[in-house]
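The chain contents come next:
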Amino acid sequence: HYFCHFWNEEPEGIQFHKIPYIFKPLRWAKVLAFDRLTQRAIARQGPFDIIHGFSKTSHQDIYTDGSGCLEDFQAYSLGKSAMRRFLGRMSLHQQAVLSIQRARFTRGNFKRIIAMSQLVQSQICKRYGLTAQEVEVVYNGIDLERFHPRNILRHRTAVRRELELDDDVPVVLFVANDYERKGLGTLLRALPRLRDAVCLVIGKERPHRRSRFVKMATALGVQGRVHFLGVHPDVDRFFAASDLCCLPTYFDAFGMVILEAMATGIPAIVSAKAGAAEIIVRDETGAVLPDPDNDEALAKLMRPFMDRAYARKAGHRARKECRRFSWDSHFNRILEIYDEVSASRKPLKKGF
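Bear in mind that the values here come from a model prediction, so they are computed numbers and not experimental data.

Caption draft 1: Seen up close, the overall build of the protein. From N to C terminus, the protein includes 13 helices and 12 strands. Since a compact globule built from 352 residues should have a radius of gyration of about 20 Å, the 22 Å found for the protein is in line with a globular shape. Put simply, the protein has 352 residues, and 51% of those count as buried. The long-range share in the protein, meaning contacts at least 24 apart out of those at least 6 apart in sequence, stands at 67%. Within the protein, one finds 55 positive and 40 negative side-chain charges whose respective centroids are separated by 6 Å.

In C-alpha cells:
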C-alpha cells in the first residue's frame, strides 16, 4: 500500500491511496496536513505489518532519511546573516517541518531509522540522542547495468562529436539541480587553473540563477570551456564522455551522481559536506575536498585526473568499488530490517 499525493503509474501488486493535496499556497499548512492526513489514512486502512516512511511524516515503524537534519541544512540554506537565519528558522514552514522531524526522532514513534550516509546518521544521533543501533546506515543502490564502463565505448566518441570536443580534451562533468548549493561556483573558479579542461553542466536551475553562472564563466574567461546543457534523461551518456565527475557541494545527504560516475568507471571528486565522500577511496577512486569554498584546493585535486591514463586507472578502481552498492544488496538489507522490526513490533504511539 502506497500513500501519496500523486502517482504516474500503477504497477501490479501495489495499491495506491491518494492523500488530498490541500493548503497548497500555505507551505506550512500543506506540510502539516500531509502528515496528519497520512496518519489518518493509514489508521483507516490498517493494520499493516510494516509502516515505512520516506517523506515529512512523524510516526512510522521505519523511516528512511534522505535529507539530513533540518538544522544542519539551515546552517547553509539560510545564509550568513544572523538576522536572516533567525527569521528563516522562525518561519511557519520551517517550524512545521521541524515539529514533524522532532516527533519522528522521538523514541516510541519509530522502531528503526535508516540513514543514507554516516553524515546523516551522525546528525540525527547528535541532535536527538539516538544510538547507532537505532539509526542504521544503508547506502543507496546503483543500477550497475545502466551505469557501466561499456557506455564509454558506446557513447564517448558520439557525445564528444555532438559537443565538438576533441577526444584528448579533459572533460569534467557537473550534474546537479540547485547549482549554487552543489558548488558550481567553486568549480568554475577552479577551471582557469586547469589548462584546456572543459566543464559540462547538466541539471535543472531557474533561468535567472543559471544566468548568474553563465556571467561568472564569462568573467572568469572560461565561457568557451563551459557547456550549460540543461536537463538530460540520458545522463549516462555524458558520464561516458567525461574523464572526471566533480561535486563540490556545500550540503548533500549523499550525492547519487558520485555513485553513477564511479559505476561508469569515472573517478569523482566530492566535498566532505556530502555523504558520498564516505565511499571515495582517496587517491584511488577519486578525492575529497575538505572545504567547498576552496577553489584553489579543488583545482589541485583535479589536476592529476586531467591525465587520461591516471583517470582511467582511477575509474577502473571506482567501478570495482561500486560493485558492493547494487540495488540487490540494498534491498536485501531493507528486507532484513523489515523482518527484524516486524518480529519486535509493538503499537506505535497515537499521533493524535
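Caption draft 2: Quick look at a nonpolar patch on the surface. The grouping of I22, F23, L26, W28 and L92 at the surface amounts to a nonpolar patch, some 460 Å² of accessible area in total. Within the secondary structure, I22 is located in the loop between β2 (16-18) and α1 (27-45).

Caption draft 3: Representation of unusual backbone geometry in the model. Note that the residue after G46, namely P47, is joined by a cis bond; omega there is 5°. Structurally, the position occupied by P47 is in the loop between α1 and β3 (52-53). Notably, D178 is not glycine yet its phi reads approximately 65°, a positive angle. On the secondary structure map, D178 appears in the loop between β7 (171-175) and α7 (184-190). In this structure D178 comes out as partly exposed when scored by relative accessible area, which is 26%. Positive phi, close to 65°, is recorded for D283, a residue that is not glycine. Judged by relative accessible area, D283 falls into the exposed class, the value being 60%.

Caption draft 4: Structural context of helix α5 (residues 118-128). If you check which residues of α5 are buried, you get V120, Q121, Q123, I124, C125 and Y128. Positive phi appears at G129, one or two residues downstream of α5, with a value of about 65°.

Caption draft 5: Seen up close, the pattern of salt bridges. This structure, assessed with the given rule, holds 24 salt bridges. The partner of R333 in a salt bridge is E136, with the nearest N and O atoms 2.7 Å apart. Linking R333 in helix α13 (residues 327-343) with E136 in strand β6 (residues 135-137), this pair joins segments that are 197 residues apart in sequence. Among the ionic pairs, R237 bridges to E162, the shortest N-O distance being 2.8 Å. Placement of the pair is R237 in helix α9 (residues 235-240) and E162 in helix α6 (residues 150-162), with a sequence separation of 75 residues. Using a relative accessible area of 15% as the deciding quantity, one classes R237 as buried. When its relative accessible area of 52% is taken as the criterion, E162 is described as exposed. Within this structure, R112, E136, R333, E336 and E340 form a network of salt bridges that share partners.

Caption draft 6: Just the pairing of strand β9 (residues 226-230), in detail. Alignment of strand β8 (residues 198-202) against β9, held across 4 bridges, turns out to be parallel. By the bridge assignment for β9, I202 is matched with G230. After leaving β8, the chain enters helix α8 (residues 207-219) and then returns to the sheet as β9, a path that is right-handed.

Caption draft 7: Region of the structure containing the nonpolar core. Ranked by internal contacts, the top residues of the largest apolar core, which has 88 residues, are F174, L184, L187, V226, F239, I258 and M302. Take this core: its biggest share by element is 6 residues, from helix α10 (residues 256-264). Beyond its immediate stretch of four places on either side in the chain, I258 contacts C245, L247, A268, I269, V270, A276, I279 and I280.

Caption draft 8: Layout of the sheet that holds strand β5 (residues 112-115). Taken together, 4 strands build an open sheet; the order of strands is β3-β4-β5-β6 and the sheet is parallel. Lying at the two open borders of the sheet, with one neighbouring strand each, are β3 and β6. Sheet topology places β3 next to strand β4 (residues 62-65); 2 bridges connect them, and they run parallel. Considered in β4, the bridge of G53 is made with Y63. The strands touched by α13 within the sheet are β3, β4, β5 and β6, with β5 carrying the most contacts at an inclination of about 165°.

Caption draft 9: Local environment of the packing of aromatic side chains. Here the structure, examined in full by the defined rule, presents 13 aromatic pairs. Ring centres 4.9 Å apart and planes at 20° place the aromatic pair W7 and F16 in the stacked group. Under the relative-accessibility criterion, F16 is labelled buried at 17%.

Caption draft 10: Here's a closer look at the environment of Y2. Tracing the backbone through its elements, the reader meets Y2 in strand β1 (residues 2-4). In contact with Y2, other than residues within four places in its own chain, are I14, Q15, F16 and H17.

Caption draft 11: The arrangement of the sheet that holds strand β10 (residues 244-247) in detail. Reading across from one edge, β9-β8-β7-β10-β11-β12 is the order of the 6 strands in this open sheet, with parallel pairing throughout. On the outer flanks of this sheet lie β9 and β12 (286-289), each paired with one strand and no other. Across the sheet, the mean angle separating the axes of adjacent strands is 20° when strand polarity is ignored. Relative to β10, β7 runs parallel, the two sharing 2 bridges. By the bridge assignment for β10, V172 is matched with L244. Relative to β10, α10 is tilted by about 170°, and along the sheet it contacts β7, β10 and β11 (268-271).

Basis of the calculations
Within every chain, residues take consecutive numbers counted from 1 along the sequence as written. Local features in this predicted model are restricted to residues whose pLDDT is 70 or higher, and side-chain atom pairs enter the listing and the counts only when it is 80 or higher, whereas totals over whole chains, interfaces and linings include all residues. Remark: hydrogens and water are excluded; side-chain values derive from all non-hydrogen atoms of the structure. Starting at the N terminus, helices and strands are each numbered in turn, a helix being any DSSP run of H or I of at least four residues and a strand any DSSP run of E of at least two. Atoms counted for the radius of gyration: C-alpha only. Globule rule: 2.2 Å times residue count to the power 0.38. Burial classes follow relative accessibility: with a 1.4 Å probe on protein chains only, a residue under 20% of its type's maximum area counts as buried, one over 50% as exposed, and anything between as partly exposed. Only heavy atoms enter the contact rule, under which two residues are in contact if any of them lie within 4.5 Å. When charges are counted, Lys and Arg are positive and Asp and Glu negative, with His and the chain ends excluded. Charge placement uses NZ in Lys and CZ in Arg. For Asp and Glu, CG and CD serve respectively. Only residues whose relative accessible area exceeds 30% and that form no salt bridge enter a patch; like-charged residues are grouped when within 9 Å of one another, and nonpolar side chains (Val, Leu, Ile, Met, Phe, Trp, Tyr) when within 5 Å. For accessible areas, the Shrake-Rupley method is used with a probe of radius 1.4 Å. Any residue's cover is judged against the shown protein chains and nothing else. Whenever a carboxyl oxygen of Asp or Glu lies within 4 Å of a side-chain nitrogen of Lys or Arg, that contact is scored as a salt bridge. Only strands joined by at least two bridges in the DSSP assignment are considered to pair. Orient the strands so they point away from the viewer; a crossover is then right-handed if the path from the first strand over the helix to the second runs clockwise. Within this scheme, the nonpolar core is defined by two criteria: the residues are buried Ala, Val, Leu, Ile, Met, Phe, Trp, Tyr or Cys, and they are joined through side-chain atoms within 4.5 Å. Fitting a line to C-alpha atoms yields each axis, with helices limited to the stretch in contact; the angle taken between N-to-C directions then spans 0 to 180 degrees. Two rings from Phe, Tyr or Trp (for Trp, the six-membered ring) form a pair when their centres sit within 6.5 Å of each other. Planes less than 30 degrees apart are called stacked, planes more than 60 degrees apart edge-to-face, and all others tilted.

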